[in-house]
Amino acid sequence: MPIFHYPSLSRRNLMAGGAVTAAVTAVSAVPSTASDPEGQGEEPITIAFNLKVNGTLYALAIDTRTTLLDVLREHLHLTGTKKGCDHGQCGACTVIVDGRRHNACLSLAVMHEGDTITTIEGLGHPDRLHPMQAAFIRHDGYQCGYCTPGQICSAICVMQEIRDGIPSHVTEDLTAPFRPDAVEMRERMSGNLCRCGAYSNIAEAMAEIAESSS
């Protein structure tokens, strides 16, 4: 049976070796600044394009990495569209793009040149509300109001989805006309969260619009 001889290692030598290893690792992790002496990273790529929002055409020049949500809020100052989770999970940033709902936080602004975008500001005014806005008020479909712009934009698009025959996960018969019943509307609105818990009132507001348009 072979006999193995292990080198003796003192605590001091062990600590010194660990320090050297850590130093080498740290040095290798530092990015090279040969092409970037100030260490500021690469310059952003800016592109000029046009964005049509609420009937107005805007000429913009922005970083290509900018989301539609940030352009609406920070560049066009349309702050009705809210930034919630910024991960496409809460629906607070929902806007209408060419008649369909989109999470603005997940979409790059440069992707929407030529599209028609509608935010909550473009749906109605205090003296002439969109029917869905008026229904939300009648049924108290909001509390703090933070999620309300996204809820209203989604609710409007849900009605259009049903009219256009687009199925959802709970649609049972794909050959029969779709009905805007409570099950369908709740499933389709599941991507819009309300921490205040105004879901039942939102459903009532949508049911009113569905009945009036049927």
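Note: the structure precedes this text.
Since we're looking at a predicted model, the values are computed, not measured.

The rules behind the values
- Residues numbered from 1 in each chain as written.
- Predicted model: local features only at pLDDT ≥ 70, side-chain atom pairs only at ≥ 80, totals over all residues.
- Heavy atoms only, no water.
- Helix = DSSP H or I, 4+ residues; strand = E, 2+ residues; numbered from the N terminus.
- Buried < 20%, exposed > 50% of the residue type's maximum accessible area, 1.4 Å probe, protein only.
- Contact = heavy atoms within 4.5 Å.
- Pairing = 2+ DSSP bridges.
- Salt bridge = Lys/Arg side-chain N within 4 Å of Asp/Glu carboxyl O.
- Core = buried A, V, L, I, M, F, W, Y, C linked by side-chain atoms within 4.5 Å.

Another point: the side chain of Glu161. Structurally, the position occupied by Glu161 is in helix H4 (residues 148–163). With relative accessibility at 11%, the residue Glu161 sits in the buried group. The residues contacting Glu161, other than those within four sequence positions of it, are Arg100, Arg101, Ile166 and Arg188.

Turning next to the pairing of strand S4 (residues 100–103). One ladder, built from 4 bridges, connects strand S3 (residues 94–97) with S4; its direction is antiparallel. Its bridge partner lying in S4, Val97 is registered against Arg100. Hairpin connection, S3 to S4: the antiparallel pair is bridged by 2 residues, and Asp98 has positive phi, about 50°.

Now for the pattern of salt bridges. Enumeration over the complete set of coordinates arrives at 8 salt bridges. The salt bridge involving Glu161 is made with Arg101; its shortest N-O contact spans 2.9 Å. Of the two residues, Glu161 sits in helix H4 while Arg101 sits in strand S4, which places them 60 residues apart along the sequence. Members of the salt-bridge network, linked through shared partners, are Arg101, Glu161, Glu184 and Arg188.

It is worth spelling out the nonpolar core at this point. Of all hydrophobic cores here, the largest spans 22 residues; its most connected members are Leu123, Met132, Phe136, Ile152 and Met206. Those elements that place two or more of their residues in this core are helix H3 (131–138), H4 and helix H6 (199–213). Ranked by residues supplied to this core, first place goes to H4 with 8 residues. Contact partners of Ile152, with chain neighbours within four places excluded, come to Ile120, Leu123, Met132, Gln133 and Phe136.

Read these as layout, nothing more, since geometry by itself doesn't imply function.
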